[in-house]
Amino acid sequence: MKFAFYDTKQYDIPSFEKYGTEAGITFKFYEGKLNADTAELARGCDGVCIFVNDTCNAEVIDKLHSMGVRMIALRCAGYNNVDVRHAFGKIHVFHVPAYSPYAVAEHAVAMLLTSIRRIHKAYIRTRDFNFSLNGMTGFDLHGKTVGVVGTGKIGRVFIDICRGFGMKVIAYDKFPATDAGIEYVELDELFSRSDIISLHCPLTSETHHMINAVSIEKMRRGVVIVNTSRGALIDAEALLAGIKSRKIGAACLDVYEEEADIFFEDNSGHILDDDTLARLISMPNVIVTSHQAFLTEEALANIAETTVSNIVEFARDGSSRNELCYHCGKVENCKKCRDARCF
Ligand code: NAI
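Here the structure is a predicted model, which is why all the values come from computation and not from measurement. (Residues numbered from 1 in each chain as written. Predicted model: local features only at pLDDT ≥ 70, side-chain atom pairs only at ≥ 80, totals over all residues. Heavy atoms only, no water.)

Draft legend 1. Representation of the pairing of strand 9 (residues 196-199). Residues I196 and S198 point to one face of strand 9 and I197 and L199 to the other, with burial holding for every one of them. Summarising the sheet, strand 6 (residues 145-149) and strand 9 pair through 4 bridges and their orientation is parallel. Paired with V149 across the strands is L199, a residue of strand 9. One ladder, built from 4 bridges, connects strand 9 with strand 10 (residues 223-227); its direction is parallel. For I197, the partnering residue across the bridge sits in strand 10 and is I225. Traced from strand 9 through helix 8 (residues 213-218) to strand 10, the parallel crossover comes out right-handed. (Buried < 20%, exposed > 50% of the residue type's maximum accessible area, 1.4 Å probe, protein only. Helix = DSSP H or I, 4+ residues; strand = E, 2+ residues; numbered from the N terminus. Pairing = 2+ DSSP bridges. Right-handed = clockwise from strand over helix to strand, strands pointing away.)

Draft legend 2. Highlighting the sheet that holds strand 2 (residues 26-29). With mixed pairing, 6 strands are arranged side by side in an open sheet as 2-1-3-4-5-13. On the outer flanks of this sheet lie strand 2 and strand 13 (323-324), each paired with one strand and no other. On the sheet, helix 1 (residues 13-23) packs against strand 1 (2-5), strand 2 and strand 3 (47-50) and is oriented at approximately 155° with respect to strand 2. (Contact = heavy atoms within 4.5 Å. Axes fitted to C-alpha atoms, helices over the stretch in contact; angles between N-to-C directions.)

Draft legend 3. Layout of unusual backbone geometry. In this structure, R246 takes a positive phi of about 70° despite not being glycine. In this fold, R246 is placed in the loop between helix 9 (236-244) and strand 11 (248-253). A relative accessible area of 59% places R246 in the exposed class. Unusually for a residue other than glycine, H291 sits at a positive phi of about 50°.

Draft legend 4. Broad picture of the side chain of S229. Mapped onto the elements of the fold, S229 is located in the loop between strand 10 and helix 9. Polar contacts involving the side chain of S229 include one to the main-chain carbonyl oxygen of C201, which spans 2.6 Å. Discounting residues that sit within four places of it in the chain, S229 has contacts with L199, H200, C201 and V255. (Polar contact = N/O pair within 3.5 Å; in protein donor to acceptor, adjacent residues only side chain to side chain.)

Draft legend 5. Representation of the packing of aromatic side chains within the structure. A full pass over the atoms with the stated rule returns 11 aromatic pairs. Seen from their ring centres, F5 and F16 are 4.8 Å apart, and the 70° between their planes marks the pair as edge-to-face. Within this pair, whereas F5 is found in strand 1, its partner F16 is found in helix 1, the two being separated by 11 residues in sequence. With respect to burial, F5 and F16 carry one shared label: buried. (Phe/Tyr/Trp six-rings, centres within 6.5 Å; stacked < 30°, edge-to-face > 60°.)

Draft legend 6. Quick peek at the site of the ligand. Surrounding the ligand, one finds 23 residues, the nearest of these being Y99, K153, I154, D173 and T228. In the environment of the ligand, an oxygen atom lies 2.9 Å from a nitrogen or oxygen atom belonging to the backbone of I154. F294 is positioned with one of its backbone polar atoms (N or O) 3.1 Å from an oxygen atom of the ligand. Burial of the ligand by the surrounding chains reaches 87%, relative to a free accessible area of 860 Å². Partitioning the shell around the ligand into residue classes produces 10 nonpolar, 8 polar and 5 charged. (Near = heavy atom within 4 Å. Areas by Shrake-Rupley, 256 points an atom, 1.4 Å probe, with all protein chains shown as cover. Nonpolar A, V, L, I, M, F, W, Y, C, P; charged D, E, K, R; others polar.)

Draft legend 7. Layout of the domain arrangement of the protein chain. Domain boundaries in the protein chain define domain 1 (2-99 + 297-324) and domain 2 (101-288). Between the C-alpha centres of domain 1 and domain 2 there is a distance of 30 Å. With 13 residues of domain 1 at the interface, the matching set in domain 2 holds 9 residues. When domain 1 packs against domain 2, the two sides together hide about 920 Å² of surface, and 55% of this comes from carbon and sulfur. When residues of domain 1 are sorted by the area they lose upon contact with domain 2, K9, N53 and N80 head the list and together hold 43% of the total. At the junction of domain 1 and domain 2, the tally comes to 2 salt bridges. Taking the shortest distance from any N to any O, the salt bridge between E265 and K9 comes out at 3.3 Å. Across the contact surface, domain 1 and domain 2 share 3 residue pairs in polar contact (both at pLDDT 80 or more). (Domains from an automatic or database assignment. Buried area = accessible area lost by both parts, 1.4 Å probe. Salt bridge = Lys/Arg side-chain N within 4 Å of Asp/Glu carboxyl O.)

Draft legend 8. Structural detail: the packing of helix 4 (residues 101-116) against helix 6 (residues 153-164). Helix 6 packs onto helix 4 with a crossing angle of 50° between their chain directions and a minimal axis gap of 8 Å. It follows that helix 4 is oblique to helix 6 by the angle criterion. As helix 4 runs across helix 6, the sense of the crossing is right-handed. Along the contact surface, helix 4 presents P101, Y102, V104, A105, E106, A108 and V109, while helix 6 presents K153, I154, V157, F158 and I161. A breakdown of the residues in the contact of helix 4 with helix 6 according to their chemical character gives 10 nonpolar, no polar and 2 charged. (Parallel < 35°, antiparallel > 145°, perpendicular 65-115°, else oblique. Left-handed = near helix turned anticlockwise from the far one by under 90°.)

Below, the structure written as structure tokens:
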């Protein structure tokens, strides 16, 4: 089988070549992202392999379908960039639901600690032989309340780590877990009680801009917001206003609403067009990483292995347990997807 692999980064190639070769799959690596113009590169391929910032809207799906492409293999968990509803009946879509929840949860904690203990400032100061501690006062995590939005795989690992620090954990989830001993509260209560808020839910029409001017108003003064989930969970303009008004004490962002044309690339020689992002980055209490939370050796190996096994399973059985299907409106974890072809 042949797959057009879009938005290739150097770190993708070794693991996909290894697992692909073992399974008889050839990946054709392209640096460009999938969109209506680049879809043509997939001509003659059985499928496309895409990442978070590729565009797979109705137009692209129709183009791929007309060229005989049968599979869209997402090498990530989130699938908000694929029109799954439109793909139904045309192209099968798979994702990698979990590759290392530890990678993302640990990155969230790394950002949080960096921010509140001013490690990013200390690193720059001491390199310049500036050993002053003025302005470096942080605060203990121990005893603080963290509000976790989304208690799935990543959220739960994050909660375990926070408990290790002696933090009080409260959480909100649309589908609360019954087995985890987590104190669930309504979203508004989470906003008003949390010293730190960490987002671990998917981006959907319901969660879009869940952090906005109104919700920020309900938060405690000095709240720290951590987002390793999806950028559009936060209204970036409202976040910036909250930081300027000192309502928000710090923000740790691994994702950004308008990241698609900026993140993952070296833009150091260019003038950044996005004024909101530039202003956020200029703030001493904002840390931005470039959608890096997933990037560990373990996660890369798991991503390649699961993507390849999704493809192999579909080729063999006509279905894959990690298929995203719109057959009954239940996009994920559809029994029918696991047991039989949906279309
Ligand atoms: P998961 O599916 O295991 O957990 C998501 C949780 O969110 C579930 O418990 C679900 O019930 C809950 N949820 C769904 N709708 C909700 C709503 N409206 N309000 C509150 N909670 C809701 O997913 P997992 O693996 O924990 O990943 C979470 C998110 O992390 C993904 O959606 C993805 O966007 C992001 N992610 C980011 C990465 C990065 O590199 N920055 C890498 C991997 C995932």
